Amino acid sequence: MMAELPEQPTADDGKSRARGPMPVANIVAFLTSGTPWSPAAAMGASLASHYGSVLTGCYVDPCLRDLSVPDVESTIHTPGRGEVLFDTPSAPDFMLFASQNRVAKTNWAVVQADVEGAITQLAAWHDLAVVESDMMQANELLTFLTHLLWTSRLPCILLPKPCTGLPPFECIVVGWNGSPQATRAIHAALPFLLDAKEVWIMDGADGEGDVDADLPRFDPFRFLAQHGVTARRRRFDSDAAIVGGALIWEAQQLRADLFVLGAFSHSRLRERVAGGVFRCMLENSKIPLLLQH
C-alpha cells in the first residue's frame, strides 16, 4: 500500500545547490526497520536532502526477507493470506524521520506480498534505489537485485554492513571494462561524480575489445570531461578469477567512499551460478556500490 505524505517546509542552507548538482528526482529506500531506522533510511534521507529529491520509504516485512531460492529462475516468495506479518513502522513515523533529516517530500509504502510486483511498480517512477546488503541472505539478495537491476533497470546504491559514511561522496572509483552496463553505470552515477573531489576510473578495457568499429564508441573520460568531471585513470590488468577482490583492494588504497559498477554483464544464469566480479563485490565490498545493468 502507498500513502502520500504532505509536503513539509524545510530550511535551505544553500549547500545542496552550491555546485549546481544534477537532480536525482525520486529515490526509494528499501527499509528493514524503523525507530531506530535502518541504514537505507539514513542514506536515502541524506541523498534526498542534498539533491532535493522526493524520498519513498518502502518497508519490506521480515517474512518476505526470509526467502527461499530453490533454483536460479525462482521468484520471490509471496506469503499466503493466513500468514501473520510483523508490526510495521507507520507513515507518520517516516514523515517525522524525514522532516528531522531535512527531506521535504516523502512517500511511504509497505510490501506485504508480491515483492517482485512492488519492485516493478516502484521502479516505474523512481530514479535510484537504496538497498541494504544484509537485508537478505546472499542468494536471496541476488534474486532481489536481479529483478531490480536486470528486469526493472533501476540503478541502486547497495550498502555494506556496517555502513557509516553518508554523501556527498568525496572519492569515487569507477570500474570500467567497456561494456554497455559499465557505460550505463557511469551515466547513472553522474550526479555523484559531479559532486566528488576525486574520480578514479579503474580501466580494465582490453583495447578495442568486442566493440563493433562501425558503432559509436563511448569514451568515459571524454564523457565526464564534457560534464565538468576530471577523472584519473588507473590501468587494471588483473586475472578475471581475482578481479573482484583486486578492485576492492584498489578502492581501499584510494580511500574511496563509493564504487560505481556495471552489474550482470553476463547472463543471469551465469552470474547466479558462477559468481563473477559482481558477486564478489556484492559479498565483500566495505563501501557502498552504485550498481546499474
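These numbers come from a predicted model, not from an experiment.

## Focus: the overall build of the protein chain
So, point 1. Of regular secondary structure, the protein chain possesses ten helices and eleven strands.
So, point 2. Put simply, the protein chain has 293 residues, and 52% of those count as buried.
So, point 3. Considering only contacts in the protein chain between residues 6 or more positions apart, those separated by 24 or more positions represent 83%.
So, point 4. With the model as given, the accessible surface of the protein chain reaches about 14100 Å², and the carbon-plus-sulfur share is 50%.

## Focus: helix 8 (residues 243-253)
So, point 1. Here helix 8 has its buried residues at Val243, Gly244, Ala246, Leu247, Ile248, Glu250 and Ala251.
So, point 2. Once helix 8 finishes, arginine 255 follows within two positions and takes phi at roughly 55°, a positive value.

## Describing the confidence of the model for the protein chain
So, point 1. Confidence in the prediction of the protein chain, expressed as mean pLDDT, is 81, and 76% of residues score 70 or more.
So, point 2. In the model, residues 67-86 has pLDDT below 50 throughout and makes 38 contacts with residues more than four positions away in sequence or in other chains.
So, point 3. In the model, residues 267-274 has pLDDT below 50 throughout and makes 20 contacts with residues more than four positions away in sequence or in other chains.

## As for the pairing of strand 5 (residues 128-132)
So, point 1. A large share of strand 5 lies buried, amounting to five of its five residues.
So, point 2. Residues Leu128, Val130 and Glu132 line one face of strand 5 and the alternating positions Ala129 and Val131 line the opposite face, and both faces are buried.
So, point 3. By the bridge criterion, three bridges tie strand 2 (residues 26-31) to strand 5 in an arrangement that is parallel. By the bridge assignment for strand 5, alanine 29 is matched with valine 130.
So, point 4. Between strand 5 and its parallel partner strand 6 (residues 156-159), the chain crosses via helix 5 (residues 138-151), and the hand of that crossover is right-handed.

## Comments concerning empty space enclosed by the protein
To find the voids left in a structure, one rolls a probe of water-molecule size over its atoms.
So, point 1. For the structure shown, the criterion picks out one cavity of 30 Å³ or more.
So, point 2. Lining the largest cavity are Ile248, Ala251, Gln252, Phe259, Met281, Ser285, Lys286 and Ile287.
So, point 3. Of the residues forming the lining of the largest cavity, the biggest block, three residues, is contributed by helix 8.

## Things to note about the environment of valine 103
So, point 1. Mapped onto the elements of the fold, valine 103 is located in the loop between helix 3 (91-100) and strand 4 (105-111).
So, point 2. Residues valine 103 and leucine 55 lie 48 residues apart in sequence; the distance between their C-alpha atoms is 7.5 Å.

## Looking at the packing of aromatic side chains
So, point 1. Tallying each qualifying case throughout the model produces ten aromatic pairs.
So, point 2. Arranged with centres 5.5 Å apart and planes meeting at 85°, the rings of tyrosine 51 and phenylalanine 192 form a pair that is edge-to-face. Taken as a pair, tyrosine 51 in helix 1 (residues 39-51) and phenylalanine 192 in helix 6 (residues 180-195) lie far apart in primary sequence, 141 residues in all. In terms of burial, tyrosine 51 and phenylalanine 192 fall into one category: buried.
So, point 3. For the pair phenylalanine 169 and phenylalanine 192, a centre-to-centre distance of 5.9 Å together with 75° between the ring planes defines the contact as edge-to-face.

## So, helix 4 (residues 115-123)
So, point 1. Val115, Ala118, Ile119, Leu122 and Ala123 are the residues of helix 4 that are buried. Along helix 4, the residues classed as buried sweep out an arc of 125° about the axis, all on the same side.

## With respect to the environment of glutamate 140
So, point 1. Relative to the helices and strands, glutamate 140 resides in helix 5.
So, point 2. Since its relative accessible area comes to 12%, glutamate 140 is described here as buried.

## Concerning the packing of helix 4 against helix 5
So, point 1. Interhelical geometry of helix 4 versus helix 5 gives an angle of 30° and a closest axis separation of 9 Å. In terms of axis orientation, helix 4 runs roughly parallel to helix 5. Helix 5 is crossed by helix 4, and the crossing has right-handed handedness. Along its contact with helix 4, which presents Val115, Glu116, Ile119 and Thr120, the element helix 5 presents Phe144, His147 and Leu148.
So, point 2. Considered class by class, the residues forming the contact of helix 4 with helix 5 number four nonpolar, two polar and one charged.

## Details of the nonpolar core
So, point 1. Counting residues in each nonpolar core, the largest one holds 50 residues, and the members touching the most others are Leu47, Ile172, Phe192, Leu193 and Leu224.
So, point 2. Residue contributions to this core peak at nine residues, all from helix 6.
So, point 3. For leucine 47, the contacting residues outside a window of four places in its chain are Ile27, Ser53, Leu128, Val130, Ile157, Pro167, Phe169 and Phe192.
So, point 4. Formed by 48 residues, the second largest nonpolar core is a distinct cluster that contains Leu122, Ala129, Val173 and Phe259.

## Some details on the pattern of salt bridges
So, point 1. In the structure shown here, the tally under the stated rule is five salt bridges.
So, point 2. Between aspartate 203 and arginine 233 there is a salt bridge, with the nearest N and O atoms lying 2.2 Å from each other. Placement of the pair is aspartate 203 in strand 8 (residues 198-203) and arginine 233 in strand 9 (residues 232-235), with a sequence separation of 30 residues.
So, point 3. For arginine 233, a relative accessible area of 48% translates into the label partly exposed.
So, point 4. In this structure, aspartate 203 engages arginine 235 in a salt bridge whose closest nitrogen and oxygen atoms are separated by 3.3 Å. You can see aspartate 203 sitting in strand 8 and its partner arginine 235 sitting in strand 9, a full 32 residues away along the chain.
So, point 5. Look at arginine 235 and you get partly exposed, because its relative accessible area is 41%.
So, point 6. One network of salt bridges, in which partners are shared, links Asp203, Arg233 and Arg235.

Criteria and cut-off values
- Residues numbered from 1 in each chain as written.
- Predicted model: local features only at pLDDT ≥ 70, side-chain atom pairs only at ≥ 80, totals over all residues.
- Heavy atoms only, no water.
- Helix = DSSP H or I, 4+ residues; strand = E, 2+ residues; numbered from the N terminus.
- Buried < 20%, exposed > 50% of the residue type's maximum accessible area, 1.4 Å probe, protein only.
- Contact = heavy atoms within 4.5 Å.
- Areas by Shrake-Rupley, 256 points an atom, 1.4 Å probe, with all protein chains shown as cover.
- pLDDT = per-residue confidence, 0-100.
- Pairing = 2+ DSSP bridges.
- Right-handed = clockwise from strand over helix to strand, strands pointing away.
- 1 Å grid on protein atoms, 1.4 Å probe; cavity = no way out; pocket = protein on both sides within 12 Å on 5 of 7 lines; lining within 4 Å.
- Points joined across faces, edges and corners; volume = space filled by probe spheres on them.
- Phe/Tyr/Trp six-rings, centres within 6.5 Å; stacked < 30°, edge-to-face > 60°.
- Arc of directions from axis to C-beta.
- Axes fitted to C-alpha atoms, helices over the stretch in contact; angles between N-to-C directions.
- Parallel < 35°, antiparallel > 145°, perpendicular 65-115°, else oblique.
- Left-handed = near helix turned anticlockwise from the far one by under 90°.
- Nonpolar A, V, L, I, M, F, W, Y, C, P; charged D, E, K, R; others polar.
- Core = buried A, V, L, I, M, F, W, Y, C linked by side-chain atoms within 4.5 Å.
- Salt bridge = Lys/Arg side-chain N within 4 Å of Asp/Glu carboxyl O.

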